[in-house]
Every structure is written in structure tokens, then in C-alpha cells.
Amino acid sequence: MIIVHHLNNSRSQRILWMLEELDMTYEIRFYKRDPKTMLAPREMRQVHPLGKSPILEDTDGPGGMGVTLVETGAICEYLVDKAGGRLGPPPSGEGHLLYRQFMHYAEGSLMPPLFAKLVVSRVPFLGKKAAQRIQPMVDVHLDFVERELSRRPWFAGGEMTAADIMMSFPLEAARSRAGLGESRPATIGWLERIHARPAYQTALSKGGEYAYAKARGKA
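What you see is a predicted model; the values in this text were computed from it and never measured.

K.L.:
I tried to follow the sheet that holds strand 3 (residues 55–58) on my own but got confused; where do I start?
P.N.:
Hydrogen bonding along the main chain pairs the strands of a sheet, whether they run parallel or antiparallel. Pairing in this open sheet of 4 strands is mixed, and the strands run 2-1-3-4 from one edge to the other. Unpaired on one side and paired on the other, strand 2 (26–31) and strand 4 (67–70) mark the two borders of the sheet. Between one strand axis and the next, the sheet turns through 20° on average, direction left out of account. As defined by bridge partners, strand 1 (residues 2–7) adjoins strand 3 across 4 bridges and the pair is classed as antiparallel. Its bridge partner lying in strand 3, Ile2 is registered against Asp58. The strands that helix 2 (residues 72–82) touches are strand 1, strand 3 and strand 4; relative to strand 4, the one it contacts most, it runs at about 135°.

K.L.:
For this particular structure, what's the right way to read the pattern of salt bridges?
P.N.:
Two side chains with opposite charge may pair up if their charged atoms get near one another. All chains considered together, the criterion is met by 14 salt bridges. Here Glu20 ties to Lys206 by a salt bridge, and the two come within 2.8 Å at their closest N and O atoms. Note that Glu20 is positioned in helix 1 (residues 12–21) and Lys206 in helix 7 (residues 198–207), a separation of 186 residues in sequence. When the shortest N-O distance is used, the salt bridge between Glu71 and Lys52 registers 3.1 Å. Linking Glu71 in the loop between strand 4 and helix 2 with Lys52 in the loop between strand 2 and strand 3, this pair joins segments that are 19 residues apart in sequence.

Cut-offs applied
Residues numbered from 1 in each chain as written. Predicted model: local features only at pLDDT ≥ 70, side-chain atom pairs only at ≥ 80, totals over all residues. Heavy atoms only, no water. Pairing = 2+ DSSP bridges. Helix = DSSP H or I, 4+ residues; strand = E, 2+ residues; numbered from the N terminus. Axes fitted to C-alpha atoms, helices over the stretch in contact; angles between N-to-C directions. Contact = heavy atoms within 4.5 Å. Salt bridge = Lys/Arg side-chain N within 4 Å of Asp/Glu carboxyl O.

Purely geometric stuff here, so don't read any function into it on its own.
Here you go:
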């Protein structure tokens, strides 16, 4: 049995979507952010010492042993393996390299400036100015993504892969709070395609509160 420890308005929404795309059976255990700090509740530390979401438990892991995993990218790679390679990289060539690149780029390069902008924007008085200084850093990444998606429909080529699932959260966050709009039509078109997928919609209905999906339709 696969169990997803799911925090509202978090990266773990991607794991629900991936499980739906793979048509895997799973259970969701829900957690709510502290309304004052916006942090995950302490109860999550009972599942994993880091107390962060997503956490995936698989009671039927390799060799029949139980597995507990954190980090969205590691979880996605685990699920690709468990599904026999579905949603994994193209077998060779440029698409294979692009898959590896964007699996790591989502959290390693794109997410840090987005997170920095979100954090400083909450600082009284000076936060707005600080956020304005970070925006050019965000724009470099959004322009790069736009160029890439202008060349092909999905991040690793002609078909959707786990790389697209990894890229969904930062780009939804960018559309909601960091200036991603209609001036980057290839990226907006990609967002509209993933939001229209039945598996995405099912995951959204199961996962509960997810503010970033509400960014659909904004400029």
C-alpha cells in the first residue's frame, strides 16, 4: 500500500497527480499548515524526522520491505521504477538528457528564487522592495522555460514525463505570485495542458485545498 502524507498547498500535490497518471492505488493522510507560521504541523515529524511534505510510504517496497521517502524528485523516480518505467525518460538522445535536467532544475534552480520572493514579500516595510529586486532573477528562469517550451510540447520532448510533473509546482507558483503571464504563451499553454488532464483534475479533487490551481486563467 502506498500512503502519501499530504500537506495542503504544497509540493505533495504533484505526487497525487503522478499516482493518478500511473493509475496506482494509494491512500492520503491529510495535514494542515499552521495558519500563523504556514509551516507543516509537528505531527509530520512522527512520520519522518524532517517533518516536511511530501512523505511517501510504501508498505510493499523492493523485496517486500517497507519504504519511507522524502523529496519530490526522489519520490517521482521511485514511482517511475515501481511502474516499470512509465513517465520516465526517453530511452536515449536529447530527450533523455532533458528529462534528467528538468527533474533536477525544478527544485535546484527554479524554486529557490521563487521561494525567496515569497518569503521576503511577507516582511513588513522593506519586503516589497526586496521582492522587486528578486524578480529579475525569476525572470531569467521564466524566459529560459519559455524558450524551451517554444521548441517542444513537453519538457523532455513529444510526450509528458515525470519531468513535467516536477516542473508543475514552481510554474504554478510563478503564475500565482511571480509574474508568469500571457507574455509567455508557450509556458501558459503548457500549464493549460496539464490542468486539462483527467489525472490532474482527479488528483486536485482528492487532494483538497491547493491555492496554486486557482491561478488558472490569471494573466
